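Observations on chain architecture
Take a look at the letters that make up each chain.
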Amino acid sequence: MKEIAFAVFSLFTLVTAAGVVLSRNVIYSAFNLVLCFFGLAILYLLWGANFISMIQVLVYAGAIVVLFVFVVMLLNFEKPSETPTKPWSVAFIGAGVWLLSLILLRVFSQVFGALPLPEMKESTVRQVSKLLFTQYLWPFEILTVFLLALIIGIFLLARPEKEGEAT
């Protein structure tokens, strides 16, 4: 039963990821991105990574996509011009990338061999949060400053120009 659910949600995640790339409307693309993130969260649940699943929903499906939609609405993109795309070209590009990744995986596994996985202890939310707010506090704070600078930069770039103001 778990394998069937994994196959169904894997297919769901792949279809919504394709919808992100192939959608002509930016808002539909963002909606497909939210659905893709929820599909990934369900896959994480099936793998037994409950904490990562909840972080996926809260951080990515919640905050990042809301920020993305906010920026898209702020920049007020015009509708793209209708350029015909051939579906077979997209299929060939996707098949080529897939084939290249299989070849690279085969070559790297032959050259480096199987890498031993480190033994994993079961981590709890308390252990992860303790690491985040002790050992990784400064990288976390630096990331928040970078995100704040990104938002300020977007506002400065997207604001309408006033007469007599040179940029």
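As a reminder, the structure under discussion sits directly above these lines.
Here goes a summary of the coordinates provided. Note on numbering: residues in each chain are counted from 1, in written sequence order. Totals for whole chains, interfaces and linings use every residue, but because this is a predicted model, local features are given only for residues with pLDDT of at least 70 and side-chain atom pairs only at 80 or more, for both listing and counting. With hydrogens and water set aside, each side-chain value is computed from the structure's full complement of heavy atoms.

Our focus in this paragraph is the overall build of the protein chain. A run of DSSP states H or I qualifies as a helix once it reaches four residues; a run of E qualifies as a strand once it reaches two. Both are numbered from the N-terminal end. Along the protein chain, the regular secondary structure elements total 6 helices and 0 strands. Sequence-ordered secondary structure for the protein chain, helices as α and strands as β, is α-α-α-α-α-α. It only takes one pair of heavy atoms within 4.5 Å for two residues to be counted as in contact. Taking as baseline every contact in the protein chain between residues at least 6 positions apart, the subset at least 24 positions apart corresponds to 58%. In short, Shrake-Rupley with a 1.4 Å probe defines the accessible areas, and a residue's cover is counted only from the protein chains shown. For the protein chain, the accessible surface area stands at approximately 14000 Å², while carbon and sulfur atoms represent 74% of it.

Before going further, it helps to spend a moment on the packing of aromatic side chains. The pairing test for Phe, Tyr and Trp rings, Trp by its six-membered ring, is centres within 6.5 Å, and the orientation test on the planes gives stacked under 30 degrees, edge-to-face over 60, and tilted for anything in between. With the rule as written, the count across this model stands at 2 aromatic pairs. Here Phe-6 and Trp-47 contribute two aromatic rings whose centre-to-centre distance is 5.9 Å and whose plane-to-plane angle is 45°, an arrangement assigned as tilted. On the criterion of sequence distance, the pair formed by Phe-6 in helix α1 (residues 2–22) and Trp-47 in helix α2 (residues 26–47) is long-range, its members being 41 residues apart. Residue classification places Phe-6 among the partly exposed positions, given a relative accessible area of 33%. With centroids separated by 5.8 Å and ring planes inclined at 55°, the aromatic side chains of Tyr-44 and Trp-47 adopt a geometry described as tilted. Each residue is placed in one exposure class: buried if its accessible area under a 1.4 Å probe, protein chains only, is under 20% of its type's maximum, exposed if it is over 50%, and partly exposed if it falls in between.

Attention now goes to the environment of Leu-67. Considering the arrangement of structural elements, one finds Leu-67 in helix α3 (residues 50–75). A relative accessible area of 25% means that Leu-67 is categorised as partly exposed.

Attention now moves to the packing of α1 against α2. How two helices sit against one another is set out by the angle between their axes and by the gap between those axes. Taken N-terminus to C-terminus, the directions of α1 and α2 make an angle of 160°; their axes are 8 Å apart at the nearest point. Taken together, the axes of α1 and α2 lie roughly antiparallel to each other. In the packing of α1 onto α2, the handedness of the crossing is left-handed. Residues Lys-2, Ala-5, Phe-6, Phe-9, Ser-10, Phe-12, Thr-13, Thr-16, Ala-17, Gly-19 and Val-20 of α1 lie in contact with α2, whose contacting residues are Ser-29, Asn-32, Leu-33, Leu-35, Cys-36, Gly-39, Leu-40, Ile-42, Leu-43, Leu-46 and Trp-47. Axis angles are defined between N-to-C directions and span 0 to 180 degrees, where every axis is a line fitted to C-alpha atoms and, for a helix, only to the segment in contact. Here is the rule for angles: anything less than 35 degrees is roughly parallel, anything more than 145 is roughly antiparallel, 65 through 115 is roughly perpendicular, and the remaining ranges are oblique. By definition, turning the near helix anticlockwise from the far helix through less than a right angle yields a left-handed crossing, and turning it clockwise yields a right-handed one.

Nonpolar side chains (Val, Leu, Ile, Met, Phe, Trp, Tyr) are joined into patches within 5 Å and like charges within 9 Å, using only residues with over 30% relative accessible area and no salt bridge. We define a salt bridge as a side-chain nitrogen of Lys or Arg found within 4 Å of a carboxyl oxygen belonging to Asp or Glu. A cluster of nonpolar side chains, Ile-55, Leu-58, Val-59, Tyr-60 and Ile-64, forms an exposed patch at the surface whose accessible area comes to about 420 Å². As for its placement among the helices and strands, Leu-58 is situated in helix α3. Given the relative accessible area of 61%, Leu-58 is considered exposed.

This paragraph deals with α1. With 21 residues, α1 ought to run about 30 Å at 1.5 Å a step, and its terminal C-alpha atoms sit 30 Å apart, in line with that. Listed in full, the buried residues belonging to α1 are Ser-10, Thr-13, Thr-16 and Gly-19. Looking at the packing, one finds that the buried side of α1 touches α2. Multiply 1.5 Å by the residue count of a helix minus one, and that product is the helix's expected span.

Turning our eyes to something else, we now look at α2. End to end, α2 covers 31 Å across 22 residues, agreeing with the expected 32 Å (1.5 Å per residue, within 8%). Considered for burial, the residues of α2 that qualify are Ser-29, Ala-30, Asn-32, Val-34, Cys-36, Phe-37, Gly-39, Ala-41, Leu-43 and Leu-46. Looking one or two residues beyond α2, the residue adopting positive phi is Gly-48, at roughly 90°.

Bear in mind that shape data such as this cannot, by itself, settle questions of function.
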